[in-house]
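Structure assessment
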Amino acid sequence: MTALLTQIQESLLELLGQTITAIPGVGIALAVLFCTRVVAKLVKRGADQLTQRAIKSPSLRMLTIQTAYVATLSAGVLAACVIAFPDLRLGDIIGFLGLGSVAIGFAFQDIFKNFLAGILLLLQEPFQIGDQILVGKFEGTVEEISIRSTQIRTYKGERVVVPNAMVFTSPVEVRTAFAQRRTDLEIGLDYNTPLAEAREVLLEATQEVEGVLSQPAVEVDVVGFGSSSINLMVRYWTFPEIAQVRRTKSLVIMALKALCDRANYNIPYPIRTLYHFDREKYNDCYPIGANATDGDRPL
């Protein structure tokens, strides 16, 4: 029993001595981590200033800044580990990373997936900051494209943080990818309306609306027979921003309604025709013959 207590005491003293010996290294390592954070911020700021002159693409500039920031932090962490644990060699670090990569990969697979998707989005640039996009059920203006997520400001003034993996694997509608955007507006006119004349009048009225672009030209097509009207489709082009699209659509609708009132073009309400069945004249649906009962015959 005395030998066991002596062995425990020696082990504790040895552990205490190792701890006291390691305190300076741990202190220096903490100081290195603090300095690394400060230096990483300075590197990020310097990279921002340098890339503003050398790189025109906002996405590539952001990728370069974030890569420089992460690389500086990683180098500082490795240096702190070597200082805190002097017996730790580069081969040991690589071996540890190799053994832990599988476990880390399973544990953080969503993070790595978003990270890789963010890098591909920044490199391929399917959209840029300031573009108005629709991804899934979220639509709005792109405010930030980071390595992990894409931030969208909706038209209601809400911020939506969408994981980059979702953005990369889902269909994305870039509403402001081009200089013009087309709006299709359907209008129904009475069947007695002279279609050729109405088509020309609607075309001229739409062209005069503020916000409707002259090129590409406005088109008015007769698209089909409705239940109570002949349907025409007015196709016009505006600037792609949603505010411009909505404002112009309201003006076009008001202009077309005023035109129909002046030209006496009727925009009909839904019409339904009812036919009353004459049971005495049309009785072929009832059984005829000796087997027919009084309940089967018409009253």
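Small disclaimer: the values here were computed from a predicted structure and weren't measured.

1. Concerning the pattern of salt bridges
Within the structure shown, the criterion is met by nine salt bridges. With a closest N to O distance of 2.9 Å, R175 and E139 form a salt bridge. With R175 in the loop between β5 (172-174) and β6 (181-189) and E139 in strand β2 (residues 138-145), this residue pair connects regions lying 36 residues apart in the sequence. Overall, the relative accessible area of 23% leaves E139 in the partly exposed class. Each of the salt bridges in this network shares a partner with another, and the network as a whole consists of R182, D184, D221 and R235.

2. Examining the environment of T141
Along the polypeptide, T141 turns up in strand β2. When the C-alpha positions of T141 and I152 are compared, they lie 5.4 Å apart, and in sequence the two are eleven residues distant.

3. Re helix α7 (residues 242-262)
In this model α7 runs 30 Å from its N-terminal to its C-terminal C-alpha over 21 residues, within 8% of the 30 Å that 1.5 Å per residue would give. Looking only at α7, the buried set comprises I242, V245, T248, V252, L256, L259 and C260. The arc that holds the buried residues of α7, viewed along the axis, is 125 degrees, so those residues lie on one side. Seen from the open side of α7, the exposed residues pointing more than 90 degrees away from its buried face are A243, R246, M254 and R262. With its phi angle positive at about 60 degrees, N264 sits one or two positions after the end of α7.

4. A closer look at the packing of helix α6 (residues 195-207) against α7
Closest axis-to-axis distance for the α6/α7 pair is 9 Å, and the angle between their directions is 140 degrees. As summarised for this structure, α6 and α7 are arranged oblique, according to the angle between their axes. As for the relative orientation of α6 and α7, their crossing is right-handed in sense. Side by side, α6 and α7 meet where V201, L202, A205 and T206 of the first sit next to V252, L256 and L259 of the second. Residues of the contact of α6 with α7, tallied by class, amount to six nonpolar, one polar and no charged.

5. Things to note about the pairing of strand β3 (residues 149-154)
Among the six residues in β3, five count as buried, and that is most of the element. Note: β2 against β3, five bridges, orientation antiparallel. Bridging from a neighbouring strand, V142 pairs with I152 of β3. A loop of three residues connects β2 with β3, the two strands running antiparallel in sequence.

6. As for unusual backbone geometry
The bulk of non-glycine residues show a negative phi, and the bulk of peptide bonds are trans. A cis amide bond links Q215 to the next residue, P216, at an omega of -5 degrees. The backbone of E125 sits at a positive phi, close to 55 degrees, despite the residue not being glycine. With respect to the element layout, E125 can be found in the loop between α4 (109-124) and β1 (132-135). Even without glycine at this site, N264 takes up a positive phi of about 60 degrees. In this structure, N264 sits in the segment after α7.

7. Remarks on the sheet that holds strand β8 (residues 230-238)
Pairing in this open sheet of three strands is antiparallel, and the strands run β6-β8-β7 from one edge to the other. Across the chains shown, the open sheet's two edge strands, defined by having one partner strand only, are β6 and β7 (219-225). On average, adjacent strands in this sheet sit at an angle of 25 degrees to one another, irrespective of strand direction. Sheet analysis places β6 next to β8, joined by nine bridges and oriented antiparallel. Across the sheet, the residue bridging to I187 is L232, located in β8. Contacts between α7 and the sheet are confined to β6 and β8, with β6 contributing the most and set at about 25 degrees to the helix.

Scoring rules and cut-offs
Residues numbered from 1 in each chain as written. Predicted model: local features only at pLDDT ≥ 70, side-chain atom pairs only at ≥ 80, totals over all residues. Heavy atoms only, no water. Salt bridge = Lys/Arg side-chain N within 4 Å of Asp/Glu carboxyl O. Helix = DSSP H or I, 4+ residues; strand = E, 2+ residues; numbered from the N terminus. Buried < 20%, exposed > 50% of the residue type's maximum accessible area, 1.4 Å probe, protein only. Expected span 1.5 Å × (residues − 1). Arc of directions from axis to C-beta. Axes fitted to C-alpha atoms, helices over the stretch in contact; angles between N-to-C directions. Parallel < 35°, antiparallel > 145°, perpendicular 65-115°, else oblique. Left-handed = near helix turned anticlockwise from the far one by under 90°. Contact = heavy atoms within 4.5 Å. Nonpolar A, V, L, I, M, F, W, Y, C, P; charged D, E, K, R; others polar. Pairing = 2+ DSSP bridges.

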